[in-house]
Amino acid sequence: MFDVAIIGGGPGGATCAAVCAASGSRVLLLERGRFPREKACGDCLNPLAWRVLDKLGVSEAILFSQHTKLEGVRFVGLDGGSVRVPLPKSGRPELGITRGRLDAILLQNARDKGAEIHEETTLTSITRHASHWQLDSDGGSFSTRELVAADGRNSTVARLLGLLPSLLPGERIGLQTHFSAPKELEADIELHFLREGYAGLAPVGGGEANLCLVSRAKDLKSIKASAMQKYNLPENQSWRSITPLSRAPLLAAQESLWLVGDAARVVEPFTGEGIAYAIRSGALCAEALLARRPDRYLLAHNALYKGRLWVNQLARAACLFPALGTAFVRLGQLFPPALGLLTRKVVGNEPQ
Ligand SMILES: Cc1cc2nc3c(=O)[nH]c(=O)nc-3n(C[C@H](O)[C@H](O)[C@H](O)COP(=O)(O)OP(=O)(O)OC[C@H]3O[C@@H](n4cnc5c(N)ncnc54)[C@H](O)[C@@H]3O)c2cc1C
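Residues numbered from 1 in each chain as written. Predicted model: local features only at pLDDT ≥ 70, side-chain atom pairs only at ≥ 80, totals over all residues. Heavy atoms only, no water.

Focus: helix α9 (residues 309-320)
Here is step 1 of the chain: Over its twelve residues, α9 extends 16 Å from the first C-alpha to the last, a length consistent with the 16 Å expected when each residue adds 1.5 Å.
Here is step 2 of the chain: All buried positions along α9 are accounted for by V311, N312, A315, A318 and C319. Considered in projection along α9, the buried side chains sweep an arc of 120° and stay on one side of the axis. (Helix = DSSP H or I, 4+ residues; strand = E, 2+ residues; numbered from the N terminus. Expected span 1.5 Å × (residues − 1). Buried < 20%, exposed > 50% of the residue type's maximum accessible area, 1.4 Å probe, protein only. Arc of directions from axis to C-beta.)

As structure tokens, this is what we get:
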């Protein structure tokens with residue numbers, strides 16, 4: 001019987017596992033993939049994550065591994081007009097770092113702290129008993145008192161328990177790939193508003209760039225063809241895909257069931273905050289779980305997103321209506337502090 005079982009070894013699950021295991025709890029983590037593995041993600045680590053990464057003791061390892069310290073964000077409108085917003089020079093940096101590298105460091109840290117980690121193990125069914133959960137997977141059955149869903153936006157835990165909302169019609173799809181960084185990219189993130197959706201380009205260290213494309217299914221072929229031509233990508237370039245991009249949030253805690261990261265709430269990828277939210281919610285969940293206080297986690301989880309969601313909603317609107325995004329770019333050209341303020345709200349450091 002485990003004290004805590006965590007499904008998913010991404011940033012949310014690995015953080016939760018490390019904090020619970022460090023306190024002496026018997027922790028099981030099931031992960032479908034084998035690390036290091038890449039993911040459909042923009043690979044930008046928001047500075048909001050640093051405080052928890054410091055507490056976990058992994059900041060040095062992250063800064064030691066290959067990455068790019070990001071210096072600015074260039075917004076490009078439909079007409080090709082652009083504006084560059086420098087990222088704050090003081091405080092901790094925003095990093096471009098592949099999920100292969102970042103997630104492997106976090107999962108190894110959980111293992112080092114004493115969590116029992118089963119990779120290449122997929123959760124397939126859940127039975128709730130009066131005092132515990134029974135979990136079945138393709139790697140065996142396990143029992144646990146507390147269950148944490150850290151298995152991402154399409155959470156198997158939420159689906160098996162009938163909690164996952166159905167997909168909205170016309171929901172968007174994200175495509176992602178790595179390729180040799182164009183010379184002119186330097187250390188900036190580029191965000192392009194496009195007729196079909198948007199594209200994000202960021203250097204991730206070692207001369208590589210991450211390219212993400214987001215559009216509705218009907219426009220996917222066209223947005224991909226334009227990107228392949230623009231960046232001179234071969235026909236056999238391999239792409240990862242992910243959907244949905246938006247989804248209704250779920251209750252983050254109820255009795256012995258806890259949800260962290262994307263499993264609980266998905267934010268618009270454009271602002272590059274999802275990894276930091278996953279890491280921070282993983283830590284908050286672990287602290288409340290160890291104190292057996294779901295109410296405390298619910299409050300802390302709401303507070304984590306509160307005050308920032310409006311920027312996310314604004315970003316979503318700008319992405320869904322690229323003409324609005326282009327208007328923001330023009331406003332930024334005429335009055336740079338406006339876009340600068342919004343950008344710093346998203347990637348600003350918090351007091352350490
Ligand atoms: C196109 C796009 C671009 C993005 N760009 C950025 C960005 O630049 N910066 C940023 O901060 N955020 C970005 N995000 C968001 C970010 O990717 C997520 O918020 C983040 O990965 C959430 O972490 P998590 O730990 O909650 O879940 P995930 O990282 O999704 O991890 C979930 C884990 O659970 C495992 N799993 C799933 N099902 C099972 C199962 N049944 N059994 C066992 N294991 C299972 C998976 O293999 C996976 O490893 C982007 C998202 C998209 C879609």
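There is more to say after this.
A look at the side chain of S65
Here is step 1 of the chain: Tracing the chain through its elements places S65 in the loop between α3 (59-64) and β4 (68-70).
Here is step 2 of the chain: A polar contact is formed between the side chain of S65 and the backbone oxygen of I62, at a distance of 3.0 Å.
Here is step 3 of the chain: Once residues lying within four places of it in the same chain are set aside, the contact partners of S65 are I97, R101 and I105. (Polar contact = N/O pair within 3.5 Å; in protein donor to acceptor, adjacent residues only side chain to side chain. Contact = heavy atoms within 4.5 Å.)

Things to note about the nonpolar core
Here is step 1 of the chain: I6, L45, L53, I62 and V148 are the most contacted members of the largest nonpolar core, which totals 64 residues.
Here is step 2 of the chain: Top contributing element to this core by residue count: helix α7 (residues 274-290), with eight residues.
Here is step 3 of the chain: Excluding its chain neighbours within four sequence positions, the residues that come into contact with V148 are V4, A5, I6, I7, C16, W258, V260, C285 and L289.
Here is step 4 of the chain: Among the nonpolar cores identified, the runner-up in size contains 21 residues, and L70, V83, A318 and C319 belong to it. (Core = buried A, V, L, I, M, F, W, Y, C linked by side-chain atoms within 4.5 Å.)

Comments concerning the site of the ligand
Here is step 1 of the chain: The environment of the ligand is made up of 34 residues, and the closest members are E31, G42, C44, D262 and I275.
Here is step 2 of the chain: Interatomic distance of 2.7 Å between a backbone N/O atom of G42 and a nitrogen atom of the ligand.
Here is step 3 of the chain: Interatomic distance of 2.8 Å between a backbone N/O atom of I275 and an oxygen atom of the ligand.
Here is step 4 of the chain: Against a free-state accessible area of 1000 Å², the protein chains account for coverage of 95% of the ligand.
Here is step 5 of the chain: Residue assignment for the shell around the ligand shows that the elements contributing at least two residues are α1 (11-22) and α7.
Here is step 6 of the chain: Sorting elements by how many residues they give to the shell around the ligand places α7 first, with three residues.
Here is step 7 of the chain: Its residues assigned to classes, the shell around the ligand comprises twelve nonpolar, twelve polar and ten charged. (Near = heavy atom within 4 Å. Areas by Shrake-Rupley, 256 points an atom, 1.4 Å probe, with all protein chains shown as cover. Nonpolar A, V, L, I, M, F, W, Y, C, P; charged D, E, K, R; others polar.)

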